[in-house]
Amino acid sequence: MTHVEDELTSQPECWERAASEAPRFLTALPAPGERVAIVGCGTSYFMAQAAAALREGAGQGETDAFAASEFPHGRRYDRVVALTRSGTTTEVLDLLTRLRGGTRTTAITADPDAPVMTAADDLAVLDFAEERSVVQTRFATTALTLLRAHLGLHPGTAVTDARTALTEPLPEGLVECGRFTFLGRGWTVGLANEAGLKMREAALAWAETYPAMEYRHGPISVSTAGTATWMFGDAPDGLAEQVRGTGASWIAGRLDPLAELVRAQRLAVALAASRGLDPDRPRHLTRSVILAP
């Protein structure tokens with residue numbers, strides 16, 4: 001078993017622990033009414049997108065998501081939350097350093113010994129979700145679970161659905177597909193973005209992502225036999241029928257959307273195996289991006 005397989009199968013237990021420990025991080029995480037930005041790089045950026053949409057949608061306050069390198073320093077925020085598994089990513093550390101003394105910052109990380117521990121004002125350490133694989137799975141979803149629980153939006157079905165996602169067979173014929181499209185709405189757009197990234201990282205697969213309503217505005221033209229379109233959450237009326245009409249496979253999101261991401265992670269690993277690839281060591285990637293001065 002690869003590291004990524006071992007780590008993705010441990011997600012239900014990690015989610016349970018994160019949800020139970022959320023009250024411990026009450027003062028470190030955004031309070032209702034605060035104007036917040038959530039930042040990250042790669043997978044963490046896509047989790048930031050999901051968390052920001054959830055928080056603002058829940059009426060907790062204006063919440064934006066940015067890649068750490070694209071943070072708009074001309075805007076004022078009450079708090080900036082940085083998601084960083086390694087706690088060593090250059091863009092995140094540079095941003096936290098620049099914000100020090102002006103904006104309250106929180107880091108959610110997996111490594112209690114990383115430089116981010118002294119760069120942020122407040123911390124939430126999820127060391128039980130640390131990973132050895134380059135490809136992120138359990139840390140990302142556990143960090144999002146922590147934020148969902150903090151917002152009172154972690155449903156009891158999420159863990160059960162994650163276990164289902166790990167045990168049910170993947171939809172038939174997916175590994176044989178040549179192209180993949182992932183769609184989301186609201187907070188699940190970030191999850192769709194992450195699913196596409198997992199396919200590219202682990203399996204070197206052609207994958208794209210869109211807000212579901214945007215798919216009709218051009219991208220559906222690439223749907224055909226041998227392609228698959230996967231929906232995270234509820235689909236817009238009529239979209240499934242339109243996609244099937246192209247000859248493409250349509251995969252409905254039946255589970256909690258975060259559990260659907262677990263299914264997509266499994267697909268990425270399965271496709272990597274079918275192509276003779278090692279998903280623990282993706283081409284051209286390292287576990288953390290640390291730029292030379």
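A brief structural summary. Keep in mind it's a predicted model, so treat the numbers as computed, not measured.

Turning next to the overall build of the protein. A tally of regular secondary structure across the protein gives 10 helices and 9 strands. Computed over its C-alpha atoms, the radius of gyration of the protein comes to 18 Å, within 12% of the 19 Å expected for a compact globule of 293 residues. By principal-axis analysis of the C-alpha atoms, the protein measures approximately 55 × 40 × 40 Å. The long-range fraction of contacts in the protein, counting pairs at least 24 apart against all pairs at least 6 apart in sequence, stands at 71%. Carbon together with sulfur atoms contributes 50% to the accessible area of the protein, which is approximately 12,100 Å² in total. Averaged over its 28 positive side-chain charges, the protein has a centre that lies 2 Å from the centre of its 36 negative ones.

Counting 60 residues, the largest nonpolar core has Ile108, Phe180 and Phe182 as its most contacted members. Top contributing element to this core by residue count: helix H10 (residues 257-274), with 9 residues. The contact partners of Ile108, leaving out residues within four places of it in the chain, are Leu29, Val81, Ala82, Leu83, Thr84, Ala124, Leu126, Phe139, Ala143, Leu146 and Leu147. Counting 18 residues, the second-largest nonpolar core is a separate cluster that includes Ala82, Val92, Leu99 and Val116.

Here we come to the pattern of salt bridges. Counted by the stated rule, this structure contains 15 salt bridges. As a salt-bridge pair, Arg79 and Asp122 come within 3.0 Å of each other at their nearest N and O atoms. Taken as a pair, Arg79 in strand E3 (residues 79-84) and Asp122 in strand E5 (residues 122-125) lie far apart in primary sequence, 43 residues in all. The two residues Arg79 and Asp122 agree in class, both being buried. One connected set of salt bridges, linked through shared partners, spans Glu34, Arg79, Arg104 and Asp122.

A few words on the sheet that holds strand E8 (residues 227-231). Taken in spatial order, the 4 strands of this open sheet run E7-E6-E8-E9, and their pairing is parallel. On the outer flanks of this sheet lie strand E7 (206-211) and strand E9 (249-251), each paired with one strand and no other. With strand direction ignored, the average angle separating the axes of adjacent strands in the sheet is 20°. Pairing geometry for strand E6 (residues 179-184) and E7, over 6 bridges, is parallel.

On to the sheet that holds strand E4 (residues 104-109). Ordered by their spatial adjacency, 5 strands build an open sheet running E2-E1-E3-E4-E5, and the pairing between neighbours is parallel. A single partner strand is all that each edge strand has here, and the edge strands are strand E2 (63-67) and E5. The mean inter-strand angle of the sheet, taken between neighbouring strand axes irrespective of direction, is 20°. Bridge count between strand E1 (residues 36-40) and E3: 4 bridges; the pairing is parallel.

This part takes up unusual backbone geometry. Notably, Leu204 is not glycine yet its phi reads approximately 55°, a positive angle. In this fold, Leu204 is placed in the loop between helix H8 (188-203) and E7.

To continue, consider helix H3 (residues 43-57). Between its first and last C-alpha atoms H3 spans 21 Å; for 15 residues at 1.5 Å apiece the expected length is 21 Å, and the two agree. Buried within H3 we find Thr43, Ser44, Phe46, Met47, Ala48, Ala50, Ala51, Ala52, Leu54 and Arg55. Residues of H3 that are buried sit in contact with E1, E2, E3, helix H6 (138-150), H8 and H10. After H3 finishes, the residue Gly59 shows a positive phi value of roughly 75°.

What follows deals with the packing of H3 against H6. Put simply, H3 and H6 touch, their axes get as near as 10 Å, and they point 20° apart. Relative to H6, the element H3 is oriented roughly parallel. Crossing hand, H3 versus H6: right-handed. Facing H3, whose interface residues are Thr43, Met47, Ala50, Ala51 and Leu54, H6 presents Ala140, Thr141, Leu144, Leu147 and Arg148.

The buried fraction of E8 amounts to 5 of the 5 residues, a majority that puts the element mostly inside the structure. Two strands pair when backbone bridges link them, and E6 and E8 are joined in this way by 5 bridges, in the parallel orientation. Residue Phe180 lies in a different strand from E8, and its bridge partner there is Ala228.

As a further point, take helix H2 (residues 11-21). Residues separated by three or four positions in an α-helix point in the same direction, a consequence of the helix having 3.6 residues per turn. Residues of H2 that are buried include every one of Gln11, Pro12, Cys14, Trp15, Ala18 and Glu21, and no others. Next to the buried residues of H2 lie helix H1 (3-9), H6, helix H7 (157-167) and H10.

Analysis parameters
- Residues numbered from 1 in each chain as written.
- Predicted model: local features only at pLDDT ≥ 70, side-chain atom pairs only at ≥ 80, totals over all residues.
- Heavy atoms only, no water.
- Helix = DSSP H or I, 4+ residues; strand = E, 2+ residues; numbered from the N terminus.
- Rg over C-alpha atoms; globule rule 2.2 N^0.38 Å.
- Contact = heavy atoms within 4.5 Å.
- Areas by Shrake-Rupley, 256 points an atom, 1.4 Å probe, with all protein chains shown as cover.
- Lys, Arg positive; Asp, Glu negative; His and termini not counted.
- Charge placed at Lys NZ, Arg CZ, Asp CG, Glu CD.
- Core = buried A, V, L, I, M, F, W, Y, C linked by side-chain atoms within 4.5 Å.
- Buried < 20%, exposed > 50% of the residue type's maximum accessible area, 1.4 Å probe, protein only.
- Salt bridge = Lys/Arg side-chain N within 4 Å of Asp/Glu carboxyl O.
- Pairing = 2+ DSSP bridges.
- Axes fitted to C-alpha atoms, helices over the stretch in contact; angles between N-to-C directions.
- Expected span 1.5 Å × (residues − 1).
- Parallel < 35°, antiparallel > 145°, perpendicular 65-115°, else oblique.
- Left-handed = near helix turned anticlockwise from the far one by under 90°.

Purely geometric stuff here, so don't read any function into it on its own.
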